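Given next are the chains, with one letter for each unit.
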Amino acid sequence: MLADWWQYDFLRYTLLSGVLIGLICPILGTFLIVRRLSMMADGLSHVTLSGVAAGMLLSKKVALFQAVNPLFFGMLFSVAGSLFIERLRKVYKSYQDLAIPIIISGGLGLFTVLISIAKGFNADLYSYLFGKIVAVTKDDLYALIGVAAVVLVTVFLMYKELFAVSFDEEFARVSGVARRSINLWFMVLVALTIAASMRIVGVLLISALITIPVAASLQIAGSFRQTILYAIVFAETSVLGGLYFAYLLDWASGGTIVLMAVLILFAVLGVKRLRAALR
């Protein structure tokens, strides 16, 4: 059965996409959790879902958009949502967490309206919601490669700045770090990652892959770099294991990946507790 992953194009696309997702999601997730913005991914996922629905509606109503992948509309809406969240955080400086429920409500409301206008969509929407192995296309893979490249280059070149802004924005500002520009660009990267990952994990479950491996890593890591490293290991294990069992059992890939991540988290917590008891 393992030979199938190299024999069929869609399985190769899925495997490569999964490896990339398992790399960039925990990296961004570590910075998000340190900033206490773990729910940000959930908020942007709802906006992304609205973008996908808008793309599917346009392809259904306008012949010009029939050849356009709804994924790109999802990216556009997700980036717009990230900019809107950053704006709301400035407006509500003392209540910055208000931005997340506002964007979730707005995204979900828009999605519902678009569905009602379109009189429903085809079954392809299911793959965007929960992930589906056979749904990954070459265009999806190329989009993810582009996003992953931008994320990795940004983190490599701006690691110190991102670290400073994540732990202490005021200190970063005094130190001359362009925190506003960095915050804005970071939010755009999170938005693009969510949109590009939806075919594998599903837009409603991607926030789990961004946060759960990091939550497991925080239990054993001794430094920020270790947190990122362990989170990547846990995320890759979740993705590869989830894709394997999803293909074997014909399950939704997103749900299977998230369940793998949860099992890893429970295993880490159990081992840590056992070691503490033995001491």
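So, how was this worked out
Residues numbered from 1 in each chain as written. Predicted model: local features only at pLDDT ≥ 70, side-chain atom pairs only at ≥ 80, totals over all residues. Heavy atoms only, no water. Helix = DSSP H or I, 4+ residues; strand = E, 2+ residues; numbered from the N terminus. Rg over C-alpha atoms; globule rule 2.2 N^0.38 Å. Buried < 20%, exposed > 50% of the residue type's maximum accessible area, 1.4 Å probe, protein only. Contact = heavy atoms within 4.5 Å. Areas by Shrake-Rupley, 256 points an atom, 1.4 Å probe, with all protein chains shown as cover. Lys, Arg positive; Asp, Glu negative; His and termini not counted. Charge placed at Lys NZ, Arg CZ, Asp CG, Glu CD. Expected span 1.5 Å × (residues − 1). Salt bridge = Lys/Arg side-chain N within 4 Å of Asp/Glu carboxyl O. Axes fitted to C-alpha atoms, helices over the stretch in contact; angles between N-to-C directions. Left-handed = near helix turned anticlockwise from the far one by under 90°. Nonpolar A, V, L, I, M, F, W, Y, C, P; charged D, E, K, R; others polar. Patch = residues over 30% accessible without salt bridge, like charges linked within 9 Å, V, L, I, M, F, W, Y side chains within 5 Å. Parallel < 35°, antiparallel > 145°, perpendicular 65-115°, else oblique. Polar contact = N/O pair within 3.5 Å; in protein donor to acceptor, adjacent residues only side chain to side chain. Core = buried A, V, L, I, M, F, W, Y, C linked by side-chain atoms within 4.5 Å. UniProt positions renumbered as here; feature names shortened; annotations may be inferred.

J.: Where do I start with the overall build of the protein in this structure?
T.: Helix and strand counts for the protein stand at 13 helices and 0 strands. For the protein, the α and β elements follow one another from N to C terminus as α-α-α-α-α-α-α-α-α-α-α-α-α. At 19 Å, the protein has a C-alpha radius of gyration in line with the 19 Å of a compact globule built from 279 residues. Principal-axis analysis of the C-alpha atoms gives the protein an extent of 60 × 50 × 30 Å. With 279 residues in all, the protein has 51% of them scored as buried. Excluding contacts between residues fewer than 6 apart, the proportion of contacts in the protein whose partners are at least 24 apart in sequence is 77%. Total accessible area on the protein stands at roughly 13,400 Å², and carbon and sulfur atoms take up 67% of it. Across the protein, the 22 positively charged side chains and the 14 negatively charged ones have centroids separated by 6 Å.

J.: Mind showing me how you'd approach helix H12 (residues 224-249) here?
T.: An α-helix turns once every 3.6 residues. As a result, residues three or four positions apart point the same way. Along its 26 residues, H12 runs 37 Å from first to last C-alpha, staying within 8% of the 38 Å computed at 1.5 Å per residue. Just beyond H12, the residue with positive phi is aspartate 250, at close to 60°.

J.: Hey, could you run me through the pattern of salt bridges in this one?
T.: Any two side chains of opposite charge can pair, so long as their charged atoms come close to each other. Taken as a whole and judged by the stated rule, the model has 5 salt bridges. Ionic pairing is found between aspartate 140 and arginine 199, a salt bridge with its closest N-O pair at 3.2 Å. With aspartate 140 in helix H7 (residues 138-157) and arginine 199 in helix H10 (residues 179-201), this pair connects stretches of sequence that are 59 residues apart. Looking at aspartate 140, the relative accessible area reads 3%, which means it is buried. Taking the relative accessible area as the measure of exposure, arginine 199 reaches 8% and is therefore buried.

J.: Would you explain the packing of helix H4 (residues 70-91) against H10 in this entry?
T.: Relative placement of two packed helices is described by the angle separating their axes and the distance separating the axes. Packing of H4 against H10 leaves a shortest axis separation of 8 Å and a crossing angle of 145°. Classified by chirality, the crossing of H10 by H4 is right-handed. Only Arg180, Asn183, Leu184, Met187, Val188, Ala191, Leu192, Ala195, Ala196 and Met198 of H10 make contact with H4, whose side of the interface consists of Leu71, Gly74, Met75, Ser78, Val79, Ser82, Leu83, Ile85, Glu86 and Lys90. Of the residues assigned to the contact of H4 with H10, the class counts are 13 nonpolar, 4 polar and 3 charged.

J.: I tried to follow a nonpolar patch on the surface on my own but got confused; where do I start?
T.: Taken together, the side chains of Phe84, Val91, Tyr92, Tyr95, Leu98 and Ile102 define a hydrophobic patch exposed on the protein surface, amounting to about 550 Å² of accessible area. Within the secondary structure layout, valine 91 lies in helix H4.

J.: Would you mind going over a positive patch on the surface with me for this structure?
T.: Taken together, the side chains of Arg87, Lys90, Lys93 and Arg180 define a basic patch exposed on the protein surface. Assignment of secondary structure puts arginine 180 in helix H10. Residue classification places arginine 180 among the exposed positions, given a relative accessible area of 57%.

J.: What is the right way to read the packing of H10 against helix H11 (residues 206-218) from this model?
T.: Where H10 contacts H11, the axes come no closer than 9 Å and their chain directions differ by 100°. Accordingly, the angle class assigned to the pair H10 and H11 is roughly perpendicular. Touching Ile194, Ser197 and Val201 of H10 are Ile206, Leu209 and Ile210, all from H11. A class-by-class count of the residues in the contact of H10 with H11 yields 5 nonpolar, 1 polar and no charged.

J.: Just to check I follow, could you spell out the side chain of serine 45 for this structure?
T.: By the secondary structure assignment, serine 45 is in helix H3 (residues 40-61). Looking at serine 45, the relative accessible area reads 0%, which means it is buried. Setting aside its immediate chain neighbours within four residues, serine 45 contacts Ile194, Val203 and Ile206.

J.: Can you walk me through the side chain of arginine 199 in this structure?
T.: Polar contacts involving the side chain of arginine 199 include one to the side chain of serine 127, which spans 2.7 Å. Apart from the residues lying within four places of it in its own chain, the contact partners of arginine 199 are Asp124, Ser127, Tyr128, Gly131, Lys132, Ala135, Val136, Asp140 and Ser253.

J.: What am I meant to see in the nonpolar core here?
T.: In summary, soluble globular proteins display a tendency toward joint burial of nonpolar side chains. Counting 86 residues, the largest nonpolar core has Phe31, Met40, Leu44, Met75, Phe186, Val201 and Leu209 as the members making the most contacts within it. Looking at this core, the element that brings in the most residues is H10, giving 14 residues. With residues near it in sequence (within four places) discarded, leucine 44 still touches Ser78, Gly81, Ser82, Ile85, Met187, Val190, Ala191 and Ile194.

J.: Got a minute to help me understand the UniProt feature "transmembrane region" (unreviewed entry) in the protein in this structure?
T.: Residues given the UniProt feature "transmembrane region" (unreviewed entry) here are residues 12-34, 64-86, 98-121, 141-159, 180-198, 204-221, 228-247 and 253-271. Between the end C-alpha atoms of residues 141-159 the distance is 26 Å, and the span holds 95% helix and 0% strand.

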